[in-house]
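Residue-level listing of the chains:
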Amino acid sequence: MSTGKPVVLLVEDEPAQRAVLAYNLKSEGFDVLEAADGEEALLMAHEAIPDLVLLDWMLPHVSGLEVCRRLKSGKSTRALPVIMLSARSEELDRVRGLETGADDYMVKPYSVAELMARVRKELRRTRPASVGEELSFEDILLDAGSHRVSRAGTPIKLGPTEFRLLATFLENQGRVLSREQLLDRVWGRDIYVDTRTVDVHIGRLRKALMQGGGSDPLRTVRGAGYALG
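Residues numbered from 1 in each chain as written. Predicted model: local features only at pLDDT ≥ 70, side-chain atom pairs only at ≥ 80, totals over all residues. Heavy atoms only, no water.

Chemist: With reference to specific residues and values, describe the pattern of salt bridges.
Modeler: Throughout the structure, instances matching the rule amount to 17 salt bridges. Where glutamate 66 meets arginine 70, a salt bridge forms, and the shortest distance between an N and an O atom there is 2.9 Å. Separated by four residues within a single helix, glutamate 66 and arginine 70 lie in helix α3 (residues 64-73), roughly one turn from each other. A relative accessible area of 22% places glutamate 66 in the partly exposed class. As a salt-bridge pair, glutamate 114 and arginine 118 come within 2.6 Å of each other at their nearest N and O atoms. (Salt bridge = Lys/Arg side-chain N within 4 Å of Asp/Glu carboxyl O. Helix = DSSP H or I, 4+ residues; strand = E, 2+ residues; numbered from the N terminus. Buried < 20%, exposed > 50% of the residue type's maximum accessible area, 1.4 Å probe, protein only.)

In structure tokens form, the structure reads like this:
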């Protein structure tokens, strides 16, 4: 079951360094998946679809650079923010990392506090609700920090699932999301939920958002899924 916490895939082959980073990420409120090599990282990234990847350059089997290239060229993983970690400090190396698709690049040794700040910065860009940001669409406001929703200034009560659904739509305004994509993001991949369950919760969300007489902000796209706006 999805916890609602941002999920970070940590890819680091040094056990001690991986343990330190995992501890700090968990202390900051993230769920952490760990991989010790490039092949394992690619498998986990495609199976779990994390919210962010912390990726060491020097990895056994498949290098971090190649992992980044494959993630950014994959349909289901191209939007994943990647922060590359490397002892390579030359400008050319930084350029290679960024040109391969990394969204940020940190040179070892680095400040853990700065790394956590950069993780949050990337998540504010890609999944703002996961780090407590306010999201809005027309007269709908979702305050992820206080877990409150309102429309035209009137509070709306939502269950946990409907709240996560609305947050997902607000983070992807105008984009059509399939039932499978919504299942992955809202329920998680570790349990089985029938795709018809999505329709039930969409119906509940619609009812809640329209209880004050407002128009329906959700679009049903036949054969494709749902969209906000």
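Chemist: Which residues make up the sheet that holds strand β8 (residues 148-151), and what values do they have?
Modeler: Here four strands make up an open sheet; going across it, the order is β6-β7-β8-β9 and the pairing antiparallel. This sheet does not close on itself; its edge strands, each paired only once, are β6 (134-137) and β9 (154-156). Ignoring strand direction, the axes of neighbouring strands in this sheet form an average angle of 25°. By the bridge criterion, four bridges tie β6 to strand β7 (residues 140-143) in an arrangement that is antiparallel. Opposite phenylalanine 137, over in β7, you have isoleucine 140 as the bridge partner. In this fold helix α6 (residues 160-171) packs onto β6, β7 and β8, with an angle of close to 110° to the strand it touches most, β7. (Pairing = 2+ DSSP bridges. Axes fitted to C-alpha atoms, helices over the stretch in contact; angles between N-to-C directions. Contact = heavy atoms within 4.5 Å.)

Chemist: Requested: an account of the nonpolar core, with residues and values cited.
Modeler: A general tendency of soluble globular proteins is for nonpolar side chains to be buried together. Membership of the largest hydrophobic core comes to 29 residues, with the highest contact counts inside it found for Leu142, Leu158, Leu166, Phe169 and Leu205. Elements represented by at least two residues in this core include exactly β6, β7, α6, α7 (179-187), α8 (195-209) and β11 (225-228). In terms of residues, this core owes the most to one element, α6, which gives six residues. Residues within four places of leucine 166 in sequence aside, it is in contact with Ile140, Leu142, Val149, Leu158, Leu205 and Leu209. By size, the runner-up hydrophobic cluster in this structure holds 22 residues, among which are Val53, Leu55, Leu59 and Leu80. (Core = buried A, V, L, I, M, F, W, Y, C linked by side-chain atoms within 4.5 Å.)

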